[in-house]
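Residues per chain are reported as follows:
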Amino acid sequence: MPLSHRSTLTQYLIEQRRRYPGASGDFNALILDVALACKAIARAVAFGELGHAPCQDGGAVGGTGVGTVVGNVGGGINVQGETQKPLDVISNDVFTRMNDWGGHCAGMASEEMDDPYQIPPQHPRGKYLLVFDPLDGSSNIDVNVSVGSVFSVLRAPQSVVESGRDVVEADFLQPGTHQVAAGYALYGPTTMLVLSVGHGVVGFTLDPNLGEFMLTHAHIQVPAETQEFAINASNSRFWEAPIKRYVDECLAGKTGPRGKDFNMRWIASMVAEAHRILMRGGVFMYPRDTKDPSRCGRLRLLYEANPIGYIIEQAGGRASTGRAAVLGVQPTALHQRIGLVFGSKHEVERIERYHAQPHGVDMPSPLFAERSLFRS
Ligand code: AHG
Ligand code: MN
Ligand code: MN
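Please read all numbers here as calculations on a predicted model, not as lab measurements. (Residues numbered from 1 in each chain as written. Chains lettered and ligands numbered in written order. Predicted model: local features only at pLDDT ≥ 70, side-chain atom pairs only at ≥ 80, totals over all residues. Heavy atoms only, no water.)

Colleague: Just checking my understanding: could you explain the overall build of the protein for this structure?
Modeller: Helix and strand counts for the protein come out as 10 helices and 15 strands. Of the contacts made within the protein by residues no fewer than 6 positions apart, 65% connect residues no fewer than 24 positions apart. For the protein, the exposed area adds up to about 16,200 Å²; of that, 53% sits on carbon and sulfur atoms. (Helix = DSSP H or I, 4+ residues; strand = E, 2+ residues; numbered from the N terminus. Contact = heavy atoms within 4.5 Å. Areas by Shrake-Rupley, 256 points an atom, 1.4 Å probe, with all protein chains shown as cover.)

Colleague: Before we go on, may I ask you to explain the coordination of the manganese ion (ligand 2) in this structure?
Modeller: Listed as protein donors to the manganese ion (ligand 2) are Asp133 (OD), Asp136 (OD) and Glu304 (OE); their distances from the metal cover 1.9 to 2.2 Å. Mapping the donors of the manganese ion (ligand 2) onto the primary sequence yields the spacing D-x2-D-x167-E. In this model, the manganese ion (ligand 2) sits 3.6 Å from the manganese ion (ligand 3), the two metals being bridged by Asp133. Remark: Glu304 occurs in helix H8 (residues 301-314) and Asp136 occurs in strand E3 (residues 128-136); sequence separation between them is 168 residues. What makes Asp136 buried here is its relative accessible area of 4%. Residue classification places Glu304 among the buried residues on the basis of a relative accessible area of 1%. (Donors = N, O, S within 2.8 Å, 3.2 Å for Na, K, Ca; no water. Buried < 20%, exposed > 50% of the residue type's maximum accessible area, 1.4 Å probe, protein only.)

Colleague: Would you explain the coordination of the manganese ion (ligand 3) in this entry?
Modeller: Octahedral metals with six donors have ideal donor angles of 90 or 180 degrees. Tetrahedral metals with four donors have an ideal donor angle of 109.5 degrees. At this site the manganese ion (ligand 3) is bound by Asp133 (OD) and Leu135 (O), with donor distances of 2.2 Å. The class for Asp133 is buried, based on a relative accessible area of 0%. With a relative accessible area of 1%, Leu135 lands in the buried category.

Colleague: Is there a simple way to think about the sheet that holds strand E1 (residues 105-110) in this case?
Modeller: The eight strands are arranged E2-E1-E3-E4-E5-E6-E7-E8 in an open sheet whose pairing can be described as mixed. Edge positions in the sheet fall to strand E2 (117-118) and strand E8 (212-217), since each has one partner strand and no second. One ladder, built from six bridges, connects strand E5 (residues 181-187) with strand E6 (residues 191-196); its direction is antiparallel. Across the sheet, residue Leu186 finds its bridge partner in E6, namely Met192. (Pairing = 2+ DSSP bridges.)

Colleague: Would you mind showing me how to read the site of ligand 1 here?
Modeller: The local shell around ligand 1 holds 18 residues, among which Asp133, Asp136, Gly137, Met270 and Tyr286 are the closest. Within the side chain of Glu111, an N or O atom sits 3.0 Å from an oxygen atom of ligand 1. Between Ser138 and ligand 1, the recorded distance is 3.0 Å, taken from a backbone N or O atom to an oxygen atom. Against a free-state accessible area of 470 Å², the protein chains account for coverage of 86% of ligand 1. Elements represented by at least two residues in the shell around ligand 1 include exactly E3, strand E11 (283-286) and strand E12 (299-300). If one sorts the elements of the shell around ligand 1 by residue count, E3 sits on top with three residues. Across the shell around ligand 1, the residue classes break down as seven nonpolar, four polar and seven charged. Both domains that furnish three or more residues to the shell around ligand 1 are identified here as domain 1 (3-217) and domain 2 (228-356). (Near = heavy atom within 4 Å. Polar contact = N/O pair within 3.5 Å; in protein donor to acceptor, adjacent residues only side chain to side chain. Nonpolar A, V, L, I, M, F, W, Y, C, P; charged D, E, K, R; others polar. Domains from an automatic or database assignment.)

Colleague: Teacher, can you tell me more about the packing of helix H2 (residues 26-47) against helix H3 (residues 86-99) here?
Modeller: For any two helices packed against each other, one specifies the crossing angle of their axes together with the interaxial distance. Remark: H2 packs on H3, axes separated minimally by 9 Å, with the N-to-C direction vectors making an angle of 150°. By the criterion of interaxial angle, the relationship of H2 to H3 is roughly antiparallel. Here H2 and H3 pass one another in a crossing that is right-handed. Facing H2, whose interface residues are Leu30, Asp33, Val34, Leu36, Ala37, Cys38, Ala40, Ile41, Ala44 and Val45, H3 presents Leu87, Ser91, Val94, Phe95, Met98 and Asn99. In the contact of H2 with H3, the residues fall into 13 nonpolar, two polar and one charged. (Axes fitted to C-alpha atoms, helices over the stretch in contact; angles between N-to-C directions. Parallel < 35°, antiparallel > 145°, perpendicular 65-115°, else oblique. Left-handed = near helix turned anticlockwise from the far one by under 90°.)

Here it is in structure tokens:
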């Protein structure tokens, strides 16, 4: 298709900005810096095992300068107690480096940093907080399956903007409804950037020739009805009753209460699952379970659940803890985990109804209970 038929990300942002005649341009500059970070991470991911290739300058083949990018060498343990892949660390560095100099951010927070990141003293401080998971699904890196980056933009509290003081954890503890924008990049067969600045959801595909994100998905909507669900079924013995019931009913298919067959997917990369659901519907569940009593979910509220929840709701879907809208949750800690269910609206509402019923079950069918595949 000729270039003139497609908008670039820059053009889209400028056109959106015309809604706000007083806007300074800081927000657009921030999103463009995030997009540049995603392009750099896309290149690092694309080199895969070639990142091991010895080069004269010690960097990776192709001049990314990223060195070894697969395997576990060069990583550490993050604040979650999880092993970091080298690409987790590299992606985090790319995000902070691309966004700390422009004067748009007051501070940042990331899955890979225990504490908030302070804008270095030589750079001006801005009015936004950037919160991100720089590489989501990184267990998939070594097997060449899609990974992504996911980010959320919040306003810095007035006291931060006025004083230029260092940011602290409490500055980031804002509910998802306060997000100014959210997005993700998906490093799959194509690299895509999916974004919401509060007026619906749009998708851009990276044109590898131009190195530009081009608008390819102008108005993304989650289909309301679906026959596809995603959950890590190896955790089934730890699920609560409402989730067991929902999955059992899906598995029962045509012969069960849903009266239709369901399909199942599990990529183990939330960004990729969210993208599939935005494209063709479905429901994703990483619910609260009893596997580890010290945590009430697997995914992190501020930089996984909230940005994905914002995008899904902007696309007409729903995101929930199972009990309430995830975007309404008041965070209590930077790295807080939460149960997350998102996707096609009617399915998520059904799961919420199951949670609202005593014991998660209203009319147990003895026949159905006997046939349950996931009874504990
Ligand atoms: P991360 O790689 O940032 O730690 O996130 C991985 C998350 C999420 O993307 C995915 O849905 C989930 O963890 C996978 O969990 P399982 O290992 O239980 O499949
Ligand atoms: Mn993640
Ligand atoms: Mn991650």
